[in-house]
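Take a look at the letters that make up each chain.
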Amino acid sequence: MKDGQEVRRVSTAVIAGVCGLALLTGGGIAWWTANRSPTPADTQSSAQTTAPPLSPSSVESPGVVIPVPPPNPVQVPQVQTPQVQTPQVQTPQVQTPNALVPKSPQPKPLPQTDVQTVQVYWVKDASGKFEGVPTKVAVKQADKPDAALQAAFNSLLAGPKDGTVSSEIPNGTKLRGLSVKNDGVYVDLSAEFTSGGGSNSMTGRLGQVIYTATSLQPNTKVWISVEGKPLELLGGEGLEVAQPSTRQSFDKNFPL
């Protein structure tokens, strides 16, 4: 048992000695390294060793976190869908040649009846005297004035339709003939024209004939005949009739 304890003591001492030797050797090497002057090779090695580290690559460097403010909410504009208007398709009108289109019968223009206005003269009693009253009468347009005046005399001899006027020409008087010539108007009346009535009636009927005969041309001359003979005296009192007569001569000789 004593031999075992001695062996342990020797081993412990050996271990302690080895450790001390190691510490002493390491301390000497450190002191010698620190105190010796550096050689150029060491300086270069040291420079290479102490060189500043290169900036890390983008791959190896740690990412830098930069605070970014939260983005404002983006307002998305409302897109209005355009209303597509469907174009109206107009059917082209095919023009058929006139030769193929049946022409509708066009109404024939109605014959236009031209109307001419003439004046027929009536009389009206005004305080015991006769007053001439012209009345417009529409007659058919005629190429010659003879026809227009004949229509006017037919209306005159038929009598007035207006009750406010009258005629001094005796009933039954007829127009035997009427013609318009270069020197005036020729009127031929039936014998009834000279029958009955006093001087005022004779004056009135004579004025009616003269003014109606000159309704188209007021300044023309009038020749008056009865049964084809020139009328020189009218009535029982012998009212003298000038041949030819005019409006001016009648107003001068027989004022109404």
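Residues numbered from 1 in each chain as written. Predicted model: local features only at pLDDT ≥ 70, side-chain atom pairs only at ≥ 80, totals over all residues. Heavy atoms only, no water.

Participant: Describe the environment of Lys-136, with residues and values.
Facilitator: Along the chain, the position of Lys-136 falls in strand β2 (residues 129-140). Residues Lys-136 and Val-120, 16 residues apart in the sequence, show an inter-C-alpha distance of 6.3 Å. Those residues in contact with Lys-136 that sit more than four places away from it in its chain are Thr-117, Val-118 and Gln-119. (Helix = DSSP H or I, 4+ residues; strand = E, 2+ residues; numbered from the N terminus. Contact = heavy atoms within 4.5 Å.)

Participant: Explain empty space enclosed by the protein to me, and be specific about the residues and the numbers.
Facilitator: This structure, assessed with the given rule, holds one cavity of 30 Å³ or more. Its boundaries defined by the atoms lining it, the largest cavity holds a volume of some 50 Å³. Around the largest cavity, the lining residues are Leu-206, Ile-210, Glu-240, Val-241, Ala-242, Ser-245, Ser-249, Phe-250, Asn-253 and Phe-254. Looking at the lining of the largest cavity, the elements that each hand over two or more residues are α4 (199-213) and α5 (247-253). It is α5 that provides the largest number of residues to the lining of the largest cavity, a total of three residues. Here the lining of the largest cavity is built from residues that sort into six nonpolar, three polar and one charged. (1 Å grid on protein atoms, 1.4 Å probe; cavity = no way out; pocket = protein on both sides within 12 Å on 5 of 7 lines; lining within 4 Å. Points joined across faces, edges and corners; volume = space filled by probe spheres on them. Nonpolar A, V, L, I, M, F, W, Y, C, P; charged D, E, K, R; others polar.)

Participant: I'd like to hear about the packing of aromatic side chains, residue by residue, with values.
Facilitator: Overall, the coordinates contain four aromatic pairs when judged by the stated rule. In textbook terms, an aromatic cluster arises when at least three aromatic residues are bridged by ring pairs, as seen for Tyr-121, Tyr-211, Phe-250 and Phe-254. It is Lys-181 that lies over the ring of Tyr-186; its NZ or CZ is 4.6 Å from the centre. (Phe/Tyr/Trp six-rings, centres within 6.5 Å; stacked < 30°, edge-to-face > 60°. Lys NZ or Arg CZ within 6 Å of the ring centre and 35° of its normal.)

Participant: Provide a residue-level description of the pattern of salt bridges, including the pertinent values.
Facilitator: Close approach of charged atoms lets side chains of opposite charge pair. In this structure the tally under the stated criterion is two salt bridges. Across the pair Asp-188 and Arg-176 runs a salt bridge whose closest N-O atoms are separated by 2.4 Å. Of this pair, Asp-188 sits in strand β4 (residues 184-189) while Arg-176 sits in strand β3 (residues 175-181), placing them twelve residues apart in sequence. When its relative accessible area of 45% is taken as the criterion, Arg-176 is described as partly exposed. Each of Arg-176, Asp-188 and Glu-227 takes part in one network of salt bridges that share partners. (Salt bridge = Lys/Arg side-chain N within 4 Å of Asp/Glu carboxyl O. Buried < 20%, exposed > 50% of the residue type's maximum accessible area, 1.4 Å probe, protein only.)

Participant: Explain helix α3 (residues 145-158) residue by residue, including any values.
Facilitator: An ideal rise of 1.5 Å per residue puts 20 Å on 14 residues; α3 measures up with 20 Å between its terminal C-alpha atoms. Along α3, the residues that are buried comprise Asp-146, Ala-148, Leu-149, Ala-152, Phe-153 and Leu-156. Down the axis of α3, the smallest arc covering the buried residues is 160°, so these residues share one side. Of the surrounding secondary structure, the elements contacted by the buried residues of α3 are β1 (115-126), β2, β3, β4 and α4. Looking at the residues trailing α3, positive phi occurs at Gly-159, about 95°. (Expected span 1.5 Å × (residues − 1). Arc of directions from axis to C-beta.)

Participant: Which residues make up the sheet that holds β3, and what values go with them?
Facilitator: Spatial strand order, β3-β4-β5-β6: four strands in an open sheet with mixed pairing. If you trace the sheet from one side to the other, it starts and ends with β3 and β6 (229-230), each paired once. In terms of strand pairing, β3 meets β4 through six bridges, oriented antiparallel. Considered in β4, the bridge of Leu-175 is made with Leu-189. (Pairing = 2+ DSSP bridges.)

Participant: Outline the side chain of Thr-212, supporting the account with residue identities and numerical values.
Facilitator: When you line up the elements, Thr-212 lands in helix α4. For Thr-212, a relative accessible area of 0% translates into the label buried. Once residues lying within four places of it in the same chain are set aside, the contact partners of Thr-212 are Gln-119, Val-120, Tyr-121, Leu-149, Ala-152, Phe-153 and Leu-156.

Participant: Give me the lowdown on α4, citing residues and values where you can.
Facilitator: For α4, built from 15 residues, the straight-helix expectation of 21 Å at 1.5 Å per residue is met to within 8% by its first-to-last C-alpha distance of 21 Å. Here α4 lies mainly inside the structure; 13 of its 15 residues are buried.

Participant: So what's going on with the nonpolar core? Residues and values would help.
Facilitator: Most often, soluble globular proteins have nonpolar side chains that are buried together. The biggest cluster of nonpolar side chains holds 34 residues, and the ones touching the most others in it are Val-187, Phe-193, Leu-206 and Leu-234. Where this core is concerned, the elements lending two or more residues are β1, β2, α3, β4, α4 and β5 (222-226). Per element, the largest residue contribution to this core is six residues, and it comes from α4. Those residues in contact with Leu-206, other than ones at most four positions away along the chain, are Phe-193, Ile-224, Leu-234, Val-241, Phe-250 and Phe-254. (Core = buried A, V, L, I, M, F, W, Y, C linked by side-chain atoms within 4.5 Å.)

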